[in-house]
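In case you want the letters, here they are:
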Amino acid sequence: EMSAIVGSMGHVGWYRCPNGHPYAVGNCTYPMERAVCAAPGCGALIGGQNHVAVAGVTRVNATNISGASSKKGYDASATLGDASRIYELYGVGRAGQLACRILRFLVHSVLLAAAAAADPGSLDVPRLFFPHARAPSQERTCEELLLRRERDWDAMAAFTGLQDRQLSLALQLVLLRWGGRA
């Protein structure tokens, strides 16, 4: 039930009072006024002033509030479709959205290389994408990863307004900077 409430709230900042009760702050998502926790029997001071929370209040993300658990590692189902709802829920700005797309593209590229190599001692990439298949094929896995890379590329191109050649150069610059060479 809490997960549904959190999901319906839209863009808000989530906090816990000093006694652990959750509450949300709208608008800019940072506290601008003080209040008293409305949880029965609590009465702790919450909120804050000038974007600074009162002592004992903790800012948390929506997952911490909703009780939703996240899988560790790569979750193939989490990279399907439009991510805008996830970005909105967690308050990811435009620069963060592009960074997420770049990382997805890179992860899908590395997984594609691993799947194509089909080294028996390496990561079982087909199982990531087809966990319930009796014997997931290498070919089907590579096709899926190529499709995901293409979607990531198209999303980056649409986001930046760059043509393929410009986008590939921009991506190369990003990789060089992350590697500390530019």
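See above for the structure.
Right, let's walk through the structure included here. On a predicted model such as this, the values are computed, not experimentally measured, just so you know.

What about the sheet that holds strand β1 (residues 13-16)?
In space, the 3 strands of this open sheet follow the order β2-β1-β6, with antiparallel pairing throughout. Either end of the sheet is taken by a strand with one partner, and the two such strands are β2 (22-25) and β6 (58-60). With direction set aside, neighbouring strand axes in the sheet form an average angle of 40°. Of the pairings in the sheet, the one linking β1 to β2 comprises 4 bridges and is antiparallel in character. Residue pairing across strands places R16 opposite P22, the latter belonging to β2.

A word on the sheet that holds strand β4 (residues 45-49)
The strand order across the open sheet built from 3 strands is β3-β4-β5, with neighbouring strands paired in antiparallel fashion. With partners counted over all chains shown, the strands left at the sheet margins are β3 (34-36) and β5 (52-53), one partner each. Pairing of β4 with β5, which is carried by 2 bridges, proceeds in the antiparallel orientation. Residue Q49 lies in a different strand from β5, and its bridge partner there is V52.

Remarks on the packing of aromatic side chains
Under the criterion given, the structure shown has 2 aromatic pairs. Centroid distance Y15 to Y23: 5.6 Å. Interplanar angle 20°. Geometry classified as stacked. A ring pair is formed by F105 and W153, whose centres lie 5.5 Å apart and whose planes are at 50°; its orientation type is tilted. In this pair, F105 is assigned in helix α4 (residues 94-117) and W153 in helix α6 (residues 138-160), connecting sequence segments 48 residues apart. Overall, the relative accessible area of 16% leaves W153 in the buried class. Here the guanidinium or amino end of R59 rests over the ring plane of Y30, the centre of that ring lying 4.4 Å away.

Conventions adopted
- Residues numbered from 1 in each chain as written.
- Predicted model: local features only at pLDDT ≥ 70, side-chain atom pairs only at ≥ 80, totals over all residues.
- Heavy atoms only, no water.
- Pairing = 2+ DSSP bridges.
- Helix = DSSP H or I, 4+ residues; strand = E, 2+ residues; numbered from the N terminus.
- Axes fitted to C-alpha atoms, helices over the stretch in contact; angles between N-to-C directions.
- Phe/Tyr/Trp six-rings, centres within 6.5 Å; stacked < 30°, edge-to-face > 60°.
- Buried < 20%, exposed > 50% of the residue type's maximum accessible area, 1.4 Å probe, protein only.
- Lys NZ or Arg CZ within 6 Å of the ring centre and 35° of its normal.

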